[in-house]
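In case you want the letters, here they are:
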Amino acid sequence: MHFRTEIRNVTIVNEGRTFLGSLLIDDDRIDRITEGEVCDLRTPADKVIDGTGCFLLPGIIDTHVHFRDPGLTRKGDFFSESKAAAAGGVTTVFDMPNCVPQTTTAEAFREKWKIASSKSVVNFGICFGATQSNASELSRLDRRKVAAVKLFMGSSTGNMLVDDEADLLTVFEQSRLPIIAHCEDSTIIAENLKAAKKTYGPDPAIIHHPEIRSEEACLRSTELALKLAKQTGARLHVAHLSTAVELELLRSAGENVTAEACVGHLLFSSEDYARFGTRIKVNPAIKSPADRDALRKGLTDGSIFSVATDHAPHTLADKVGGCVGAASGMPIIQFSLLSMLSLVDAGVLDIAQLVKLMCHHPADLFSIENRGYLREGYMADLVLVRPHVAWTLTPNKIQSNCNWSPLEGQTFRWKVERTFCNGFPIYNRGHITDEKYRGRPVCFAR
Ligand SMILES: [Zn+2]
């Protein structure tokens, strides 16, 4: 018995087009997409959803999240954070390896896989972390199963730091998977921090974060990553770009190099530290308004290839302190699509470009099978959003375990109405419909 759901009279956004039509889900797949107001189904669907006034997009694919599982589950876990994802219209996430233990061995990868399979209400991919010593494992990774290699090039996150050029070269040579690189030069950061401590004391105020994790630190590291990508031909995706100068550099990079922008860097600038404090402390640091504006421009001129969140929940207690004391990272996945839609309203990009950056391109870059597009035969990962509604974010609407958001108090003009994951209506107007539903590991056509 097949269960068929028809979403009727909805504005469908897909592959550069925006049109009124209907979409038929048959169990877990998209069965038919028709254009126009009349839908000519031979047999009526089991359930009809009137999509009048709403937009239907492919489910968001967020290729950069930290769900804290295993080992850091007091901050969040695969269950709580995947619910936040579902409530935000996100149907696939790629989890990063800096949990405890780190996902840097075959055993830790299997363990993370088990956890995600048993706890995630959305689909998932797992990234494998490169270290100074596991390069030999990289070439043996199962390319259909592992989402990507995550490389921390001189970052402070855990002890996964690889900053010796010879070791980095080995990682680039050995990886047959896309490398997602966090680029910040640790030597420059250490020097800046030393100077800042001398001037401002042992825990400089948050306003100094972009001076310590400076533009130069980002630029030097990204330059090195681009050089290694050119030398080896490795597929490099530079994570969370934060400066205009890096963006400029990436314009002339080869076809094997792309860049990711994260929602936090697109929404905030250094002017916001006064208001939000350490809630918007993240690495790389949120930089100047000019940097933010350059990143926004990059969304439409092709220099930014994909948009992710770097969703990284912390308890508010972890966020106390300054540049040294406060943890870096913010929870944002539940409001990433809505935030990007607010940029659509502001004229920064159009909704078809949003879908390209958050759905199509992530699927293309990582060769995700049968997802990321609204196509007949593809998996029915969908999000239905409604425009022209005004609502204010209060903590009681937050699904993330940490129960705060840098966007609290903000009024949104869009609402996620429903999220379908593999055809299953996992989220419906404010509620996770079935906490027992589990997403699937995505497959990679490599
Ligand atoms: Zn991250």
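Presented here is a report on the structure given in the accompanying data block. (Residues numbered from 1 in each chain as written. Predicted model: local features only at pLDDT ≥ 70, side-chain atom pairs only at ≥ 80, totals over all residues. Heavy atoms only, no water.)

### A look at unusual backbone geometry
Right, so step 1: With an omega dihedral of 0°, the bond running from Asp69 to Pro70 counts as a cis peptide bond.
Right, so step 2: Along the chain, the position of Pro70 falls in the loop between β6 (60-65) and α1 (78-87).
Right, so step 3: The residue after Asn283, namely Pro284, is reached through a cis peptide bond having omega -5°.
Right, so step 4: The topology assignment puts Pro284 in the loop between α10 (273-276) and α11 (289-298).
Right, so step 5: One non-glycine residue, Asn9, lies in positive phi territory at about 55°. (Helix = DSSP H or I, 4+ residues; strand = E, 2+ residues; numbered from the N terminus.)

### What about the nonpolar core?
Right, so step 1: Counting 101 residues, the largest nonpolar core has Leu57, Val93, Phe172, Leu236, Met340 and Leu354 as its most contacted members.
Right, so step 2: Element by element, the count of residues in this core is highest for helix α13 (residues 351-365), at seven residues.
Right, so step 3: When we break this core down by domain, the ones giving at least three residues each are domain 1 (4-57 + 375-432) and domain 2 (59-365).
Right, so step 4: Once you skip the residues sitting within four places of it in the chain, Met340 turns out to touch Val263, Leu266, Leu299, Val307, Leu349, Leu354 and Met358.
Right, so step 5: In this structure, Ile30, Cys54, Ala147 and Phe305 belong to the second largest nonpolar core, which totals 32 residues. (Core = buried A, V, L, I, M, F, W, Y, C linked by side-chain atoms within 4.5 Å. Buried < 20%, exposed > 50% of the residue type's maximum accessible area, 1.4 Å probe, protein only. Domains from an automatic or database assignment. Contact = heavy atoms within 4.5 Å.)

### Details of the pattern of salt bridges
Right, so step 1: Per the stated rule, a full pass over the model turns up 22 salt bridges.
Right, so step 2: The salt bridge involving Glu35 is made with Arg17; its shortest N-O contact spans 2.6 Å. You can see Glu35 sitting in strand β3 (residues 29-35) and its partner Arg17 sitting in strand β2 (residues 17-26), a full 18 residues away along the chain.
Right, so step 3: Because the salt bridges share partners, they merge into one network encompassing Asp69, Asp77 and Lys119. (Salt bridge = Lys/Arg side-chain N within 4 Å of Asp/Glu carboxyl O.)

### So, the sheet that holds strand β10 (residues 179-183)
Right, so step 1: Within the open sheet, the eight strands sit side by side as β6-β7-β8-β9-β10-β11-β12-β13. Their pairing is parallel. The open sheet terminates on both sides in strands that have one partner only, identified here as β6 and β13 (306-308). Strand-to-strand twist in this sheet, taken as the mean axis angle between neighbours without regard to direction, amounts to 30°.
Right, so step 2: Pairing analysis gives five bridges linking strand β9 (residues 146-153) to β10, with the strands arranged parallel. Looking at β10, one finds that Phe152 is bridged to His182.
Right, so step 3: With respect to the sheet, α1 is in contact with β7 (90-95) and β8 (123-129), its orientation differing from that of β7 by roughly 140°.
Right, so step 4: Its contacts with the sheet put helix α2 (residues 106-119) on β7, β8 and β9, and the angle it makes with β8 is roughly 160°. (Pairing = 2+ DSSP bridges. Axes fitted to C-alpha atoms, helices over the stretch in contact; angles between N-to-C directions.)

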